[in-house]
Amino acid sequence: MFRFELQATDGAARAGVFHTPHGPVETPIFAPVGTQATVKAVTPRDLRELGATLVLANTYHLYLRPGDDLIRDLGGLHRFMGWQGPILTDSGGFQVWSLSGINQIDEDGVTFRSHIDGSLHRLTPERSIAIQQNLGADIIMCFDECADPLDHTYNRAALERTHRWAERCRAAWTTQDRQALFAIVQGGIFPDLRRESARVLAGMDFPGYGIGGLSVGESKQDMYRTLEVVTPLLPDHKPRYLMGVGTIADLIHGVARGIDLFDCVLPTRLARHGAALTQTGRIAIRNQVHARSDRPLDDGCDCYTCQNFSRAYLRHLVRSEEILAATLLSIHNLRTLVRLTQEMRAAIQAGQFASYAANALAQLGIKAA
């Protein structure tokens, strides 16, 4: 049911297709994040129309509310959220790490308090896999420990625990015919730890590999150097997923270093704060300069928002705190990143990725990848 077909390469950049039970995922790809079984402010129809094929949902949040058992009993996540394309669920590891003030990590798993009502909960590798199997996503993730990327001593301990947990996740995974389990490479910004993690997990022969613990406080250059260390050590015939990364520049730099999949809350979060992603940088649509502008957000964009609404109208919606502002800006921001990955895919297939990347980064005022 799962197969990664590598169709073209240009340098380290790759164009491929990951085949899943709910359809093919053409890579490179950006996946919108639907934390609570919804991509904020947009409908599944909007997602289809803007070209999204893979959507992310959040294990931690859906376990707490409404509950993975309920979602299973109502036909699984695809039916529950009205999205019939491929879905990826994370393991919950990042969420319990980010809530470090209310959790306790030990060898067996993590005990944490709900951010909703303070109730006590326990996540182990086996429980994370069981929850994700109930949710029914096409791609599920191993339970891992994300650590401070700058602390070598702690990253060593977290790395070894992550590897042991990956073995336990693999043993608990009983849905190989309909769910692909990805391992997560950790190790902070430290090349020795990243090499070790990539080699150990590659040796376990998972269907795909996530790269976690980045975009969590390290510098951009440290992130890019880490990718240069990790991706050559991962199997060519398996997809590579850079978790939680979503700026235009980071997607370009990531693809240049061999990444296939990306996800991030950034495009919808920016939209809710009145900001738009464009080929030349971010626009704060609330600013006075847009008050009488009849231009679209981005003259080169083919999204529903840019084809129908002016900057002046969008500014009016933002300043009036209309719900439609978040919807229209989210559609645009998501389409911008989806279109970027589509264009990079075409450039790789044409053997022109380096020039495409240099031109796209130059428009942002950034040096080439």
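As a reminder, the structure under discussion sits directly above these lines.
Residues numbered from 1 in each chain as written. Predicted model: local features only at pLDDT ≥ 70, side-chain atom pairs only at ≥ 80, totals over all residues. Heavy atoms only, no water.

**With respect to the sheet that holds strand 2 (residues 13-20)**
The condition that has to hold: What makes two strands pair is DSSP finding at least two bridges between them. Strands are runs of DSSP state E lasting at least 2 residues, helices are runs of H or I lasting at least 4, and numbering of each runs from the N terminus. For helices, the axis comes from a line fit to the C-alpha atoms of the stretch in contact; other axes are also lines fit to C-alpha atoms, and the angle between any two N-to-C directions lies between 0 and 180 degrees.
In space, the three strands of this open sheet follow the order 1-2-3, with antiparallel pairing throughout. One side of each edge strand has no neighbouring strand; the edge strands of this open sheet are strand 1 (3-10) and strand 3 (23-27). Taken pair by pair, the neighbouring strands of this sheet meet at an average axis angle of 15°, ignoring direction. As paired strands, strand 1 and strand 2 are joined by seven bridges and run antiparallel to one another. Its bridge partner being in strand 2, D10 is matched across the sheet by A13.

**As for the packing of aromatic side chains**
What counts is decided by this rule: Geometry of aromatic contacts follows a simple scheme: Phe, Tyr and Trp rings, the Trp one being its six-membered ring, pair when their centres are within 6.5 Å, and the pair is stacked under 30 degrees between planes, edge-to-face over 60, tilted otherwise. Here's how the labels work: a residue is buried when its accessible area is under 20% of the maximum for its type, exposed when over 50%, partly exposed in between, all with a 1.4 Å probe on protein chains only.
Scanning all chains against the criterion turns up seven aromatic pairs. Consider the rings of F206 and Y209, whose centres lie 6.3 Å apart with planes at 85°: the pair is edge-to-face. By the burial criterion, F206 is buried, and Y209 matches it. The interplanar angle of 70° and the centroid separation of 5.7 Å between the aromatic rings of Y304 and F309 together place this pair among those described as edge-to-face.

**Examining unusual backbone geometry**
Residue P28 follows T27 across a cis peptide bond; omega there is 0°. Mapped onto the elements of the fold, P28 is located in the loop between strand 3 and strand 4 (29-34). Following R65, the chain continues to P66 via a peptide bond in cis, the omega torsion being 15°. Inspection of the secondary structure puts P66 in the loop between helix 2 (59-64) and helix 3 (68-73). Here A37, not a glycine, exhibits a phi torsion of approximately 65°, which is positive. The residue A37 is located in the loop between strand 4 and helix 1 (44-50) in this model. At S215, a residue that is not glycine, the phi angle is positive and equals roughly 60°. Residue S215 is classed as partly exposed on the basis of its relative accessible area, which comes to 38%.

**Things to note about the pairing of strand 12 (residues 208-211)**
Note the following rule: Here, the term right-handed applies to a crossover whose path from the first strand over the helix to the second runs clockwise when the strands point away from the viewer.
Side chains G208 and G210 of strand 12 all project onto a buried face; the interleaved residues Y209 and I211 project onto the opposite face, where all are buried too. Pairing of strand 11 (residues 180-185) with strand 12, which is carried by four bridges, proceeds in the parallel orientation. Paired with I184 across the strands is G210, a residue of strand 12. In this sheet, strand 13 (residues 240-242) lies alongside strand 12 in parallel orientation, the contact comprising three bridges. Bridge pairing in strand 13 places G210 opposite Y241. As for the winding sense of the linkage, the β-α-β connection from strand 12 through helix 9 (residues 220-230) to strand 13 is right-handed.

Fair warning: the whole summary comes from geometry, so function is off the table for now.
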